[in-house]
Amino acid sequence: MTKPWPANDRIHLANVHVPIQGLAGDAPGRPDEDGLVRLDLVIERGIVADLLPAGSVTGGAVCDADGGMVLPPFADLHAHLDKGHIFRRARNPEGTLVGARASTRTDTERHWREEDVEARFEFALECAYAHGTGAIRTHIDCFVPGQAEISFAVFRRLRERWAGRMVVEAAALVSTDLYDAPENGALIDMIAESGARLGGITYRLDHGEDPAVVDARLDRLLTLARERKLDVDLHVDENGAPSSTTLAQVAEAVIRHGFEGHVVCGHCCSMSMQEEPVWRRTVGLARDAGLTIVSLPLVNQFLQGRIDGGTPRWRGIPLLRELKAAGVAVALASDNCRDPYHAFGDHDMIEVFGAGVRMGHLEAELDRWPSSITTVPASLLGLAEGGRIRRGGPADFQLFGARDYSELLARRQPDRMVIRGGRHIDARLPDYRKLDRVVARSQIVHTQ
Ligand SMILES: [Zn+2]
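Let us look at the structure shown here. Being a predicted model, the structure only gives us computed values, none of them experimental.

Looking now at the overall build of the protein chain. Tallying secondary structure elements over the protein chain gives twelve helices and 16 strands in all. Since a compact globule built from 448 residues should have a radius of gyration of about 22 Å, the 22 Å found for the protein chain is in line with a globular shape. Taken over the C-alpha atoms alone, the protein chain extends approximately 70 × 55 × 45 Å along its principal axes. Looking at the protein chain as a whole, 59% of its 448 residues are labelled buried. Sequence separation of at least 24 residues holds for 80% of the intrachain contacts in the protein chain that already meet a minimum separation of 6. For the protein chain, the accessible surface area stands at approximately 17,900 Å², while carbon and sulfur atoms represent 49% of it. Both charge centroids of the protein chain, one from 53 positive and one from 63 negative side chains, sit 3 Å from each other.

This is the structure:
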């Protein structure tokens, strides 16, 4: 956008395109084939005073968006803000998930003191905020003894510091034994006291592995979650093994327990490699269990399909379209940025959405997908208005020069305006040099 944002208390924002999924209540116009409604927004003292048909005449300063898109604040359901931006000192030469875990573990043991974690975590929040994210959930590594105390303290401090600008949530990330280990008792107390979620990792790489082991762990996890009134957010089947059907097991466990809390399953890559009867059954179970599936397209195209220096043969995403068609809630999220799991990334939900659309061939049903970065995650993260724009709600949104999805996703939209409470926040992306004091060249460790 090249127009300045008016500083007036009352602003008539004319001629914008808003996804109908991002509007609460009756839309003042019919959506086009991509689900975009052309309308005017009247903003008074930080509130959306009215939604009117495009071309309406009212008083107040007029800002003509000339067809530019308006999207509600983004919600990023799955990130790793504790491990972001360490790529300079913790690389992943093979580019695999196994390599990423090893490199990150070494980096954790060497460097993850409070000052280091806090600087990187806050840098990531600054990136997300400048791009228009209003709510974000991070997983927090709890593998190295003593680390959870450090990282959760940083999380609680930053959640407080950013209150009013961004909702910041957390889930604990523990290994595949979930919460079996007795020393996890203290961890569970900390999760509950921090208002976080029980997380963890499930997969089955070989048909020979006994699925009863995962079932028993899920039973204990859900019992614990119910006792402590906690929601659950798992890393599930992040691989390309057809045998990895633990998404179905999570869904079955939720149904078996009649679990009342919310369960998010991230990654779920392996279902794309399974025979149709297998994935169809899983999709039905996920729907019946009320799971939310979150796909991480940028990271899983980076990590999955690594074959010894060759070209990847698959994309690492779950069956997005089939899940959506069955009525499963599906979100797209950023996951890792500039760490051994993903060398790139900027917590920009436009980049994430564009990757999901391209990788999942979602362009033919774009009217159905804005919810994946707005309403679906926003309702879980408790973002105001559930990620919708409504009369009487806060004037929080992003305004783009792009008029449709082709223009929106073709470029990275560096000139987007982030509007909060009717004001242009004019937040800038932080300079990477800001991190030099914690991620210095002298810290570079080659883990080969
Ligand atoms: Zn993750």
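A separate point is the sheet that holds strand β3 (residues 47-53). If you trace the four strands from one edge of the open sheet to the other, you get β3-β2-β1-β4, paired in mixed fashion. Across the chains shown, the open sheet's two edge strands, defined by having one partner strand only, are β3 and β4 (61-64). Here the strands of the sheet are splayed against their neighbours by 30 degrees on average, with no regard to which way each runs. As judged from the four bridges shared by strand β1 (residues 10-19) and β4, these two strands associate in the parallel manner. Its bridge partner being in β4, I11 is matched across the sheet by A61.

Let us look at the sheet that holds strand β14 (residues 397-399). Here we have four strands laid out as an open sheet, ordered β5-β14-β15-β16, and antiparallel in their pairing. The sheet is open, and its two borders are formed by β5 (70-71) and β16 (423-424), each paired with just one other strand. One ladder, built from two bridges, connects β5 with β14; its direction is antiparallel. Counted as the bridge partner of L71 is Q398 from β14.

What follows concerns the pattern of salt bridges. In the structure shown here, the tally under the stated rule is 34 salt bridges. The shortest N-O distance in the salt bridge between R217 and D180 comes to 3.2 Å. Taken as a pair, R217 in helix α5 (residues 211-228) and D180 in the loop between β8 (167-173) and α4 (184-193) lie far apart in primary sequence, 37 residues in all. When its relative accessible area of 23% is taken as the criterion, R217 is described as partly exposed. The partly exposed category is assigned to D180, whose relative accessible area is 30%. Here the residues in one salt-bridge network are E114, E118, E122, R157 and R161, joined through shared partners.

Of note, T374 is situated in the loop between α10 (349-360) and α11 (375-381). Given a relative accessible area of 3%, T374 falls into the buried group. A polar contact is formed between the side chain of T374 and the backbone oxygen of P370, at a distance of 2.7 Å. Setting aside residues up to four positions removed in sequence, T374 forms contacts with P72, P73, F74, A75 and G387.

Tetrahedral coordination by four donors places them ideally at 109.5 degrees to one another around the metal; octahedral coordination by six donors ideally gives 90 or 180 degrees. With distances of 2.1 to 2.5 Å, the protein atoms coordinating the zinc ion are H78 (NE2), H80 (NE2), H235 (NE2) and D335 (OD). Seen from the zinc ion, its four donor atoms lie at angles of 84 to 178 degrees, and the figure they make is irregular. Summarised as a motif, the one-chain spacing of the donors to the zinc ion is H-x1-H-x154-H-x99-D. Taken as a pair, H235 in strand β10 (residues 232-236) and D335 in the loop between β13 (329-332) and α10 lie far apart in primary sequence, 100 residues in all.

Rules of the game
- Starting afresh in each chain, residues are numbered from 1 along the sequence in its written order.
- Selection of residues for local features in this predicted model requires a pLDDT of at least 70, selection of side-chain atom pairs for listing and counting requires 80 or more, and totals for whole chains, interfaces and linings are taken over all residues.
- Remark: hydrogens and water are excluded; side-chain values derive from all non-hydrogen atoms of the structure.
- Numbering of helices and strands runs from the N terminus; a helix is a DSSP stretch of H or I covering at least four residues, while a strand is a stretch of E covering at least two.
- Atoms considered for the radius of gyration are the C-alpha atoms alone. The globule rule reads 2.2 Å times the number of residues to the power 0.38.
- Burial classification: accessible surface area is computed with a 1.4 Å probe over protein chains only, and a residue below 20% of its type maximum counts as buried, one above 50% as exposed, and the rest as partly exposed.
- Note on definitions: a residue-residue contact is assigned when non-hydrogen atoms from the two residues lie within 4.5 Å.
- Computed with a 1.4 Å probe, the accessible areas rest on the Shrake-Rupley method; for each residue, only the protein chains presented here act as cover.
- None of His or the chain ends enter the tally, which takes Lys and Arg as positive and Asp and Glu as negative.
- Charged side chains are reduced to one point each, which is NZ for Lys, CZ for Arg, CG for Asp and CD for Glu.
- Two strands pair under a simple rule: DSSP has to find at least two bridges between them.
- The axes are straight lines fitted to the C-alpha atoms, using for helices just the contacting stretch, and the angles between their N-to-C directions are given from 0 to 180°.
- For this document, the term salt bridge refers to a Lys or Arg side-chain nitrogen within 4 Å of an Asp or Glu carboxyl oxygen.
- Whenever a nitrogen or oxygen atom comes within 3.5 Å of another N or O atom, the pair is scored as a polar contact, on the condition that within protein one atom can donate a hydrogen and the other can accept it, and that pairs from neighbouring residues in sequence are kept only if both atoms are in side chains.
- A donor here means an N, O or S atom no more than 2.8 Å from the metal, or no more than 3.2 Å when the metal is Na, K or Ca. Since water is not included, a site may seem to lack partners.
- For a four-donor site, all angles between 85 and 135 degrees give tetrahedral; for four or six donors, opposite pairs above 155 degrees with the remaining angles between 65 and 115 give square planar or octahedral; all remaining cases count as irregular.

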